[in-house]
Amino acid sequence: MVLVSGAGSGIGRATATLLAKEGATVIVTDINRPGGLETVQQIGGQINGGGARFEEHDTSKEADWKRIIDGILEREGALHGLVNNAGISGPFPATFETETVEQWQRMLSVNVQGVFLGCKHGVPAIRQSGGGSIVNTSSLAAFLGTPDLSAYGASKGAVRQFTKTVAIDCARKGYKVRCNSVHPGIILTPMGNAVMPSDKARERARRRIPIGDFGAPEDIAYGILYLISDESRFVTGTELVIDGGMNAI
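Rules used throughout
Residues numbered from 1 in each chain as written. Predicted model: local features only at pLDDT ≥ 70, side-chain atom pairs only at ≥ 80, totals over all residues. Heavy atoms only, no water. Phe/Tyr/Trp six-rings, centres within 6.5 Å; stacked < 30°, edge-to-face > 60°. Helix = DSSP H or I, 4+ residues; strand = E, 2+ residues; numbered from the N terminus. Buried < 20%, exposed > 50% of the residue type's maximum accessible area, 1.4 Å probe, protein only. Axes fitted to C-alpha atoms, helices over the stretch in contact; angles between N-to-C directions. Parallel < 35°, antiparallel > 145°, perpendicular 65-115°, else oblique. Left-handed = near helix turned anticlockwise from the far one by under 90°. Contact = heavy atoms within 4.5 Å. Nonpolar A, V, L, I, M, F, W, Y, C, P; charged D, E, K, R; others polar. Pairing = 2+ DSSP bridges. Right-handed = clockwise from strand over helix to strand, strands pointing away.

**Let's talk about the packing of aromatic side chains**
The way to describe two aromatic rings as a pair is by their centre distance and the angle between their planes.
Logical step 1: Taken as a whole, this structure holds 1 aromatic pair when the rule is applied.
Logical step 2: With a centroid separation of 6.2 Å and 70° between ring planes, the pair formed by phenylalanine 116 and phenylalanine 162 is classed as edge-to-face. Pair noted here: phenylalanine 116 is in helix H4 (residues 101-128) and phenylalanine 162 is in helix H5 (residues 150-172), with a separation of 46 residues, a long-range link.
Logical step 3: By relative accessible area, phenylalanine 162 is classed as partly exposed at 23%.

**Some thoughts on the packing of H4 against H5**
Logical step 1: Two elements in contact, H4 and H5, have axes whose closest approach is 9 Å; the angle formed by their N-to-C orientations is 15°. For the element pair H4 / H5, the angle class is roughly parallel. Crossing hand, H4 versus H5: right-handed. Between H4, through Trp104, Met107, Leu108, Asn111, Val112, Val115, Phe116, Cys119 and Val123, and H5, the contact on the second element is made entirely by Ser150, Ala151, Tyr152, Ala154, Ser155, Lys156, Ala158, Val159, Phe162, Val166 and Cys170.
Logical step 2: Taken together, the residues of the contact of H4 with H5 break down into 16 nonpolar, 3 polar and 1 charged.

**Description of the sheet that holds strand E5 (residues 132-137)**
Logical step 1: Spatially, E3-E2-E1-E4-E5-E6-E7 is the arrangement adopted by the 7 strands of the open sheet, whose pairing is parallel. Strands with a single pairing partner mark the edges of an open sheet, and in this sheet they are strand E3 (52-56) and strand E7 (239-242). Put simply, the sheet's adjacent strands are angled 20° from each other on average, direction ignored.
Logical step 2: Here E5 runs beside strand E6 (residues 177-184); their pairing, made up of 6 bridges, is parallel. The residue of E6 that forms the bridge with isoleucine 134 is cysteine 179.

**With respect to the pairing of strand E1 (residues 2-5)**
Logical step 1: A two-sided burial pattern is seen for E1, the buried positions comprising Val2 and Val4 on one face and Leu3 and Ser5 on the other.
Logical step 2: Examined bridge by bridge, E1 and strand E2 (residues 26-30) share 4 bridges and lie parallel to one another. Bridging across to E2, valine 2 finds its partner in valine 26.
Logical step 3: With respect to chirality, the unit in which E1 leads through helix H1 (residues 10-21) into the neighbouring parallel E2 is right-handed.
Logical step 4: Judged from the 3 bridges that link them, E1 and strand E4 (residues 81-84) form a sheet pairing that is parallel. Its bridge partner being in E4, valine 2 is matched across the sheet by glycine 81.

**Comments concerning the packing of H1 against helix H8 (residues 217-228)**
Logical step 1: Where H1 meets H8, the axes come as close as 8 Å, and the angle between the chain directions of the two elements is 50°. Judged by the inter-axis angle, H1 sits oblique to H8. By crossing handedness, the relation of H1 to H8 is classed as right-handed. On H8, the residues touching Gly10, Ile11, Ala14, Thr15, Leu18 and Leu19 of H1 are Pro217, Glu218, Ile220, Ala221, Tyr222, Ile224, Leu225 and Ile228.
Logical step 2: Partitioned by chemical class, the residues of the contact of H1 with H8 number 11 nonpolar, 2 polar and 1 charged.

Structural measurements only, silent on function.
Below is the structure:
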């Protein structure tokens, strides 16, 4: 039983679909109801694998987290995995000199507060269920300066650090709950395309990737599959960078 937030499109949809294909029952959540229902429909079309259901979910709201996780424990009886994937990128370009306080706060409320709330309410549920894994979607931006995406970069750096805090706290307390972060590079998703508004910008971005091509949502989903599964039982508090080599430059 795995909850995947932000699963109405992009990396979240690919992750939910892959986890279901591998046999997991997936709770698909998103603020985008049509997108989330479409993900569930796609999962339902698979011949083999686990099932899925949808919950409308604003990850920045604590009441939504309580409602959804309480519902999972009541209806499915357990929660063994949580993928804190929901996030926003905001306007592009957005420098620290031009961003408004309202834009900054909105970015952190979704990208950081949403992850905090997911861990706050997810850890007790996973612990109660006998243990499991949390994966937080961060970004390559957590390692680099992001002058054109100021608040976004700051938010993803916070997710990287907070992931380690949760991992070590759970490990020291013997909770049997692991927590890791995944760090996508430039991935062809609706969010990724938003920062490449023209063919020229797209080609410029492509040239920055040592492997020579953009990533696909499925490339990240396979990394999340590893971290959420028991195959990564000895992995906690670490980062999995999936970026075509950009962070190695």
